[in-house]
Amino acid sequence: MISMRTVDKHFGALHVLQDINLEVPKGQVVIVVGPSGSGKSTLCRTINRLETIDSGTIAIDGVQLPAEGRALARLRADVGMVFQSFNLFAHKTILENVMLAPVKVRGIDKTKARARAMELLERVGIANQADKYPAQLSGGQQQRVAIARALAMSPKVMLFDEPTSALDPEMVSEVLEVMVQLAKDGMTMVVVTHEMGFARKAGNRVLFMDEGRIAEDTDPDTFFTAPKSERAKDFLGKIL
Ligand code: ADP
Ligand code: MG
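The following paragraphs examine the structure supplied in this document. Fair warning: this is a prediction, and the values are worked out from it, not measured in the lab.

All right, on to the overall build of the protein then. Each helix and strand counted, the protein has nine helices and 10 strands in total. Computed over the C-alpha atoms, the radius of gyration of the protein is 18 Å, within 12% of the 18 Å expected from 2.2 N^0.38 for a compact globule of 240 residues. The principal-axis extents of the C-alpha atoms in the protein amount to approximately 55 × 40 × 30 Å. By the burial criterion, 52% of the 240 residues in the protein qualify as buried. In the protein, of all internal contacts separated by at least 6 residues, the share reaching a separation of at least 24 is 64%.

Here it is as structure tokens:
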């Protein structure tokens, strides 16, 4: 579903992604961990071309990502992304937030889009807040809306970049539960998170990023109990 071959990227002199090779089959849940600055966010952002790459190729469901234009917009719609900051439109209601892209980008009829948005809000447990504005919701609720909004485009892949790290501790689990369910439903997911419980419950695979490289690529149990490299051991020592 995601295929990255020999991907390299620099920010000026910084070699932020170094020879990234990654094949993610349909339905797999990949957890990405690693020290701050190791390139985790950049990796996610290149998958839907929020960042360009210097060389290599990236394909989603067998279609290589073009650099720009309409074809890119269309392919990008196949990749949903949820960030640490929820980025909801403050002056639109929860329902409007979820309806907006399907109507504007996919040209879906408003009545249909509304019905589908309500279904998704139901799925993330927040349908009763549909007519409120983002500021009236807790952080955990806003993040669940952000997930519903991404799902509204019927993406083939969902990327999550530290989706719970800006949340108060008591709100983390309500967001992770939605993500566990999504994983169970068969969504292909790439999740940057240090939530080990989630990684072990929902993850099929862990990538340990270090200085722009995929330094380890293994299953969650192996990674969290018996990491190979000193760097990974050191990293785990800091987050555990
Ligand atoms: P992580 O998510 O693992 O913390 P990032 O992918 O955000 O790491 O960043 C990797 C490195 O690239 C960091 O050193 C960061 O400062 C740098 N970086 C990220 N975005 C930019 C940018 N737009 N311009 C220049 N440097 C950047
Ligand atoms: Mg990051």
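Looking now at the pairing of strand 3 (residues 29-33). Burial analysis of strand 3 places five of its five residues in the buried class, which makes it a mostly covered element. When strand 3 meets strand 8 (residues 188-192), the two strands line up parallel, connected through four bridges. Bridging from a neighbouring strand, Val29 pairs with Met189 of strand 8. Of the strand pairs in this sheet, strand 3 and strand 9 (residues 205-210) are connected by four bridges, and their pairing is parallel. Each bridged residue has a counterpart across the sheet, and for Val30 the counterpart in strand 9 is Arg205.

A contiguous patch of positive charge on the surface is contributed by Lys92, Lys104, Lys110 and Arg114. With respect to the helices, strands and loops of the structure, Lys92 is situated in the loop between strand 6 (79-82) and helix 3 (94-104).

Here is what the cut-offs are and how they apply
Residues numbered from 1 in each chain as written. Chains lettered and ligands numbered in written order. Predicted model: local features only at pLDDT ≥ 70, side-chain atom pairs only at ≥ 80, totals over all residues. Heavy atoms only, no water. Helix = DSSP H or I, 4+ residues; strand = E, 2+ residues; numbered from the N terminus. Rg over C-alpha atoms; globule rule 2.2 N^0.38 Å. Buried < 20%, exposed > 50% of the residue type's maximum accessible area, 1.4 Å probe, protein only. Contact = heavy atoms within 4.5 Å. Pairing = 2+ DSSP bridges. Patch = residues over 30% accessible without salt bridge, like charges linked within 9 Å, V, L, I, M, F, W, Y side chains within 5 Å. Areas by Shrake-Rupley, 256 points an atom, 1.4 Å probe, with all protein chains shown as cover. Salt bridge = Lys/Arg side-chain N within 4 Å of Asp/Glu carboxyl O. Lys, Arg positive; Asp, Glu negative; His and termini not counted. Charge placed at Lys NZ, Arg CZ, Asp CG, Glu CD.

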